[in-house]
Each structure stands twice: as structure tokens, then as C-alpha cells.
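Listed below, chain by chain, are the residues.
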Amino acid sequence: MASTQQLKGRIRSVKSTKQITKAMQLVAASKMRRAQEAEKASAPYTRAANELLTHLASQGVTKGHPLFEIRDQIRSRLLIVVATDKGLAGAYDSNILKLYAKQLIADDQAGVKNETITIGRRANRFASRIKGTKVIAAYQDLPDDPAGSQLRAIVDMAREKFEAGEVDAVDILYTEFITSVNQMPMMQRVMPAGYEITEVTDEIKEALFEPSAEEVLEAVTYRLIEAQVYHALLTARASEYMMRMMAMKNATDNANDLIDDLTLAMNKARQGAITQELAEISGGVEALNE
Amino acid sequence: MKFQLITLLGVKVDQDVYEVILPTADGEIAVFPGHEPLVSLAVPGAIAVRHNKGDADDKLEYFAISGGVIEVSQEILKVLVDEADSGEDIVEAESKAALERALKARDNATNQVELEKAHQLVDRHAVRLKVADLRRRHRR
């Protein structure tokens, strides 16, 4: 059995680990709330853009627009993969990378060329080792509330590729925050652009378009795509923090169990030593009496 | 007339106003209640809001915006933009310094990405400075 000294040292080290995991759990919890709120705040924007697009589409302006062009055959595809920078979030990274790998295999079998934009160090580390894809951009250390300029850099790159015909589709892979116990890796097509059909107020139906319907369409479509990417990034962040919180909670619980076990072992060892000493003393007394 | 200023970060303004002056691709337009339905493009610039009919120019509220889409209907004016800053949050000296920094970055840019970024910053801070300037002029 280990000595009480050794056990004491181990308890101390587990305790300090526990403090760290506990702190990370609390930090993740508060960051998660903030990410969720930011995600909710973008809803009116998306709704308004959707409404305008629905109307524009009903007027037939979307036909022939390059961003809406659905190509018969998809020969090459751009994937945007969102993972974490530092891991420590349970199965988060492996889940999303599993979905990504599945897509790569599917593309490989169908003879579709593949390019990737990675967001997060983990995604980049994974993608850059794979031969089947070419990483054209890697973003890391994106803040929790990505500013317009960072978002635009990602969207612009995808759009240039799409409009130039270098890729026939752009998909984003991210983890959707469904409920606090359920976060699902998902894939969404961002180009060619789509939109949800929403109700359109009568007033927009009669509206004038300045300078022209096409130019308005261009601006709205671009903003809707931006909003989709923004949503993906934020919901992925919320999921990441949720899963990190759970992972750290488990780690804290494990540390507690470990501390209990080690304390028990230490007490046993100490009691054993006392009993032994007593036995030796009483043995000594017996020997003197004889 | 209801005025809504909507950005990706949330709804910045949602209130009843009398007049809104907007920078569009074809020049500045002023929108009053009962304006005919219109959808137009906003360019980076300053939005001015007059809350009540009798308000003088020194009571105008300003916002610096980046580009976006404007949607006008009889009772509601929606402005969808990437970024919007309230004039009250803008400190003139800070904006000036930021603009100078951005100009310097633009002149020293070594590649296309940096140049692009610097251009965006120059635009952004130029607009903010303009808003700060407008505010100062009207307050005096």
C-alpha cells in the first residue's frame, strides 16, 4: 500500500485539477448563455431578409441570378467545417469530423472534387492531413461574436468560387444546438441560395425597387447567406460551450469520486500505521514485564 | 411611423418616429409617414432620425451604418444593415485616430487581403467620423 505521504500528494493534485475543471465548467456555462442570446438576436434580421427574398422570388427575379443557379451536375463542392480551437468539449469535435469524413467519402465515391474552408484549429488539423480535399482557407480563434468583416471574408471566398464555377455547391457543416442535452452535427447548403417561404405583407408586393429589383436581390441574397453562416457559427459555439460544460462537469464529478477513494485509502493507511505502532509498543511492554 | 434598425447582432432601434433621412445608392432620401412602398439599397453613411414633427435639427438622432437594404411601407420602415452604431456611442477623437490608423494601414498594405481590410476600416471610420461631425455641428 502507498504511504500516507504519497496519498496526500495525490489528493492535493486531484483537488487542484478539480478546481480547474470546475472553473472551466462555470466559464463555459456563462459563455454558452451569451452565444445563445446572440443567436436569438439575429432572428429578426433573418426573418426580414427571408420575407424580402420570398417576394422577389415570386416576381421571378431570382431566375437567372448567378447565386440561385442550380447546376445539373455537381462536379466539385466546397465544405465549410466548424469545429473547436482547443477541444476539451467531449465528443463535439469527433462528431462533427465524423460527419465531415462521411461527406468526403461520399464525394470520393461519386467522383466529386472537394475543397474545404476550416474554422477552428481542430478542423484544420484534421482536414490538412486528408488527401481527398484541398484546404483553401483556415480560420482560427474566431471570437464568440464574429464581426461582419470576418464573416464577409468567409462568405466572399465561397461566393467567388461559386460564381466562377469552380465549385457547384457550398455546404456548411456545424453543430446545431437543439436542446441542452441534444446537439446535432448538421449540414446545410448555403449556395446555390435558398430561402424559406414566408408570408409577405401586401405592402411589399406593391413596392418600388430602387435602383432595380436585381440589385436589391443581390444585396438581400448576400445578407441572407451571411445570416445563415452567422447562425451556423453561433449555434456551433453554443453547442461547443454546452458540451464543454458537460465534459467539465463529468471531470469534476470524477475528481470528486477519486478524492473520496483516495481519502479512504489514506485514512486506512494511517489507521494501519497507528495500529502497528500500538502493537509494537504493547509488545515492548510485554517484553519488559517478563 | 415605425422605424426599425435591424442588424445581425439584434434590433438596434424599434420606435415611432416622424422622419428618417437615409443614404441610398441614388442619394439621400427622407422618409415620412405615408411614404409609398419602396425597397432600396442603403450605402455606408449616416442615418438621421427626427422623433417628433416639431423637433429642430439639433434634436436629430444619428446612426452610422454600413451598407444594407431599406424596406419602406405605409407604416413601417425597416433598415437591414451589417453594422450600425449610435451617434451617442461615437467619440470623435477616437474615430479620428482610428481613421488615421486605417489610412496608414491602407498605404502600408502589402497584399490584397490587408488592403481590402484597410479599405473597409477606412470606410467604416470615415462614416463614424461624419456622424460625430454632424452631431457636433447641430448641437452648437
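Residues numbered from 1 in each chain as written. Chains lettered and ligands numbered in written order. Predicted model: local features only at pLDDT ≥ 70, side-chain atom pairs only at ≥ 80, totals over all residues. Heavy atoms only, no water.

Chemist: Please provide a residue-by-residue account of the overall build of chain A, values included.
Modeler: For chain A, the count of helices and strands is seven helices and six strands. Expected size for 290 residues packed as a compact globule is a radius of gyration near 19 Å; at 29 Å, chain A overshoots this value by more than 25%. Here the C-alpha coordinates of chain A stretch approximately 115 × 45 × 25 Å along the principal axes. The 290 residues of chain A split such that 44% are buried. Element-wise, carbon and sulfur atoms account for 53% of the exposed surface of chain A, whose accessible area totals about 15,300 Å². Computing the positive centroid from 36 side-chain charges and the negative centroid from 39, chain A places the two 7 Å apart. (Helix = DSSP H or I, 4+ residues; strand = E, 2+ residues; numbered from the N terminus. Rg over C-alpha atoms; globule rule 2.2 N^0.38 Å. Buried < 20%, exposed > 50% of the residue type's maximum accessible area, 1.4 Å probe, protein only. Areas by Shrake-Rupley, 256 points an atom, 1.4 Å probe, with all protein chains shown as cover. Lys, Arg positive; Asp, Glu negative; His and termini not counted. Charge placed at Lys NZ, Arg CZ, Asp CG, Glu CD.)

Chemist: Requested: an account of the pairing of strand 2 (residues 113-119) of chain A, with residues and values cited.
Modeler: Residues and elements named next belong to chain A. The element strand 2 is largely enclosed, with a buried count of six among its seven residues. Alignment of strand 1 (residues 76-82) against strand 2, held across seven bridges, turns out to be parallel. The partner of Leu-78 across the bridge, within strand 2, is Glu-115. Read from strand 1 through helix 3 (residues 92-110) to strand 2, the crossover connection turns out right-handed. Of the strand pairs in this sheet, strand 2 and strand 3 (residues 134-139) are connected by five bridges, and their pairing is parallel. Among the inter-strand pairings, Thr-118 is bridged to a residue of strand 3, identified as Ala-138. (Pairing = 2+ DSSP bridges. Right-handed = clockwise from strand over helix to strand, strands pointing away.)

Chemist: Describe in detail the packing of aromatic side chains, supporting the description with residues and values.
Modeler: Residue and element names in this part refer to chain B. Overall, the coordinates contain two aromatic pairs over all chains when judged by the stated rule. When the centroid spacing of 5.5 Å and the interplanar angle of 70° are considered together, the rings of Tyr-18 and Phe-32 count as edge-to-face. Taken together, the positions of Tyr-18 in the loop between strand 2 (10-16) and strand 3 (19-24) and Phe-32 in the loop between strand 4 (27-31) and strand 5 (38-42) put the pair 14 residues apart, joining distant regions of the chain. (Phe/Tyr/Trp six-rings, centres within 6.5 Å; stacked < 30°, edge-to-face > 60°.)

Chemist: Describe in detail helix 2 (residues 43-58) of chain A, supporting the description with residues and values.
Modeler: Since one α-helical turn is 3.6 residues long, residues separated by three or four positions face the same way. Residue and element names in this part refer to chain A. In a regular helix each residue adds 1.5 Å, so 16 residues correspond to 22 Å; helix 2 covers 22 Å between its end C-alpha atoms and thus fits that length. Taken together, the buried positions of helix 2 are occupied by Tyr-45, Ala-48, Ala-49, Asn-50, Glu-51, Leu-52, Leu-53, Thr-54, His-55, Leu-56 and Ala-57. Backbone geometry just after helix 2 places Gly-60 at a positive phi near 80°. (Expected span 1.5 Å × (residues − 1).)

Chemist: So what's going on with the domain arrangement of chain B? Residues and values would help.
Modeler: All names here are of chain B. Along its sequence, chain B is carved into domain 1 (2-87) and domain 2 (90-139). When each unit is reduced to the centre of its C-alpha atoms, the spacing between domain 1 and domain 2 is 22 Å. Taken together, the contacts link 14 residues of domain 1 with nine residues of domain 2. Here domain 1 packs against domain 2, burying approximately 1,100 Å² in sum over the two surfaces, 58% of which is carbon and sulfur. Our enumeration of links across domain 1 and domain 2 arrives at zero salt bridges. The interface formed by domain 1 and domain 2 contains zero residue pairs in polar contact (both at pLDDT 80 or more). Sorting the residues of the side of domain 1 that touches domain 2 by element identifies strand 6 (45-50), strand 7 (61-65) and strand 10 (84-86) as the ones contributing at least two each. The element that contributes the greatest number of residues to the side of domain 1 that touches domain 2 is strand 7, accounting for four residues. Here the residues of the side of domain 1 that touches domain 2 sort into seven nonpolar, three polar and four charged. (Domains from an automatic or database assignment. Contact = heavy atoms within 4.5 Å. Buried area = accessible area lost by both parts, 1.4 Å probe. Salt bridge = Lys/Arg side-chain N within 4 Å of Asp/Glu carboxyl O. Polar contact = N/O pair within 3.5 Å; in protein donor to acceptor, adjacent residues only side chain to side chain. Nonpolar A, V, L, I, M, F, W, Y, C, P; charged D, E, K, R; others polar.)

Chemist: Would you mind going over the sheet that holds strand 1 of chain A in detail, with residue names and values included?
Modeler: Residue and element names in this part refer to chain A. Here five strands make up an open sheet; going across it, the order is 3-2-1-4-5 and the pairing mixed. The open sheet has two free edges, formed respectively by strand 3 and strand 5 (182-191), since each of these has just one partner strand. On average, adjacent strands in this sheet sit at an angle of 25° to one another, irrespective of strand direction. Along the sheet, helix 3 makes contact with strand 1, strand 2, strand 4 (169-179) and strand 5, crossing strand 1 at roughly 175°. (Axes fitted to C-alpha atoms, helices over the stretch in contact; angles between N-to-C directions.)

Chemist: Account for the interface of chain A and chain B, naming residues and giving values.
Modeler: Listed per partner, the contact involves 28 residues of chain A and 26 residues of chain B. Interface area for chain A against chain B, summed over the two sides, is near 2,400 Å², with a carbon-plus-sulfur share of 63%. Among the salt bridges present, the one from Arg-223 of chain A reaches Asp-82 of chain B, with a minimum N-O distance of 3.1 Å. Remark: the boundary between chain A and chain B carries two residue pairs in polar contact (both at pLDDT 80 or more). Secondary structure elements with two or more residues in the side of chain A that touches chain B: helix 2, helix 5 (148-163), helix 6 (202-205), strand 6 (208-209) and helix 7 (213-289) of chain A. If you tally residues by element for the side of chain A that touches chain B, the top one is helix 7 of chain A, at eight residues. Class assignment of the residues belonging to the side of chain A that touches chain B gives a composition of 17 nonpolar, three polar and eight charged. With two bridges connecting them, strand 6 of chain A and strand 5 of chain B associate as parallel partners. Residue Phe-209 of chain A lies in a different strand from strand 5 of chain B, and its bridge partner there is Val-39 of chain B.

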